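Topology and contacts: notes
Given next are the chains, with one letter for each unit.
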Amino acid sequence: MVDVLVVGAGPVGLCAALWAKRLGLSHLVLEWGTVAETVYRFPRDMVFFSEAKNLEIGGHPLVAQGPKPTRKEALLYYQKVAEREGLNVRTYTEAVGIWGQEGAFRVLARSRQGEEVFYARYVVVATGYFANPNRLGVPGEELPHVRHRYEEAAPFFGRKVAVVGGSNSAVEAALDLYRGGARVVLVHRGAWVRPSVKYWLLPDFENRVKEGSIQAVMEAEVEAITPEGLWLSRPEGKVFLEADFVLVLIGYRAEDRLLKEAGVAYEGEKPWLSPEWETSVPGLFAVGSCAYGPDTRSVFIENGREHAERALKAIARRLNPLTPEAPPRYP
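Per the secondary structure count, the chain includes 7 helices and 17 strands. Summarising its shape, the C-alpha atoms of the chain cover approximately 70 × 40 × 40 Å along the three principal directions. By residue count, 52% of the 331 residues in the chain fall in the buried class. For the chain, long-range pairs separated by at least 24 residues make up 61% of all intrachain contacts whose partners lie at least 6 apart in sequence. Of the roughly 15,600 Å² of accessible surface on the chain, 50% is carried by carbon and sulfur atoms. Seen as two clouds, the 40 positive and the 41 negative side-chain charges of the chain have centres 2 Å apart.

Moving on to empty space enclosed by the protein. All chains considered together, the criterion is met by 2 cavities of 30 Å³ or more. Taken as a whole, the second largest cavity holds about 30 Å³ of empty space. Lining the second largest cavity are Pro133, His148, Ser169, Val248, Leu249, Ile250, Gly251 and Tyr252. Among the residues making up the lining of the second largest cavity, the classes are represented as 5 nonpolar, 3 polar and no charged.

Conventions used here
- Residues numbered from 1 in each chain as written.
- Predicted model: local features only at pLDDT ≥ 70, side-chain atom pairs only at ≥ 80, totals over all residues.
- Heavy atoms only, no water.
- Helix = DSSP H or I, 4+ residues; strand = E, 2+ residues; numbered from the N terminus.
- Buried < 20%, exposed > 50% of the residue type's maximum accessible area, 1.4 Å probe, protein only.
- Contact = heavy atoms within 4.5 Å.
- Areas by Shrake-Rupley, 256 points an atom, 1.4 Å probe, with all protein chains shown as cover.
- Lys, Arg positive; Asp, Glu negative; His and termini not counted.
- Charge placed at Lys NZ, Arg CZ, Asp CG, Glu CD.
- 1 Å grid on protein atoms, 1.4 Å probe; cavity = no way out; pocket = protein on both sides within 12 Å on 5 of 7 lines; lining within 4 Å.
- Points joined across faces, edges and corners; volume = space filled by probe spheres on them.
- Nonpolar A, V, L, I, M, F, W, Y, C, P; charged D, E, K, R; others polar.

Scope: geometric values only; no functional claims are made or implied.
Listed below in structure tokens is the structure:
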């Protein structure tokens, strides 16, 4: 039995493991993919919106060649931090069920070798949201040419690609596809893309639309997807848009199945949480964006680190009330 079992080896989960180590608690991290699987699945040429200092964990500096880190720089950084700190991470081991309460949890996990049960006094869930993309919920969405995640432009060279969405993911993918040789149409239900689109992307996108390099179809709701394209509902009526591929990039919602199945109480679409990010199940904590339901714009790596710190300090005080306050908070 370990003191703390962390579900998820993304930046916030790794931060929780680092605090467990600094506070003298035994820990284990379960991750269904590789270390920082979330970052690994970002578009290959993505640049973070945050500055490097806001992505750092454990006091380890994140060195970037530009003003903001790239996906590759961040991925290597988090994996190296886990390695250098000697964090106890079990990769390709997916937690599939949590039972128990404070002092006596059982966590069922599944790996390539089969199922295994782990025991912990406390459990911290940090599953984020990137593994749970939103769906349109329309006929044809599960056809093989429809994707809910974007990695790079190369597979779409020379083809007609419809990108559905109006925020950062959709705009960034549309620009990358255009420069990768695809014929791109961006479809969005709003009058224009969101004003919160990264400041260096928005003027680029607007200029590409003005010159006709990217087609923008606004005020359009997707009604159905067929092998040949999309049926759209627009103010003037139904419209058919031809497309070889459809990328549905309309955001994400929290990956919180484990919390719900563990019996956590919810307030609307979000779990009830104490100021230390403890759920209604004693000893079960939820840190980072996994506790925010469809609200994926309020929690980032920057403030998710604070959730992990507060939760682990609360756990340490319960395990040993005589232990002095944790070491000074790292940047």
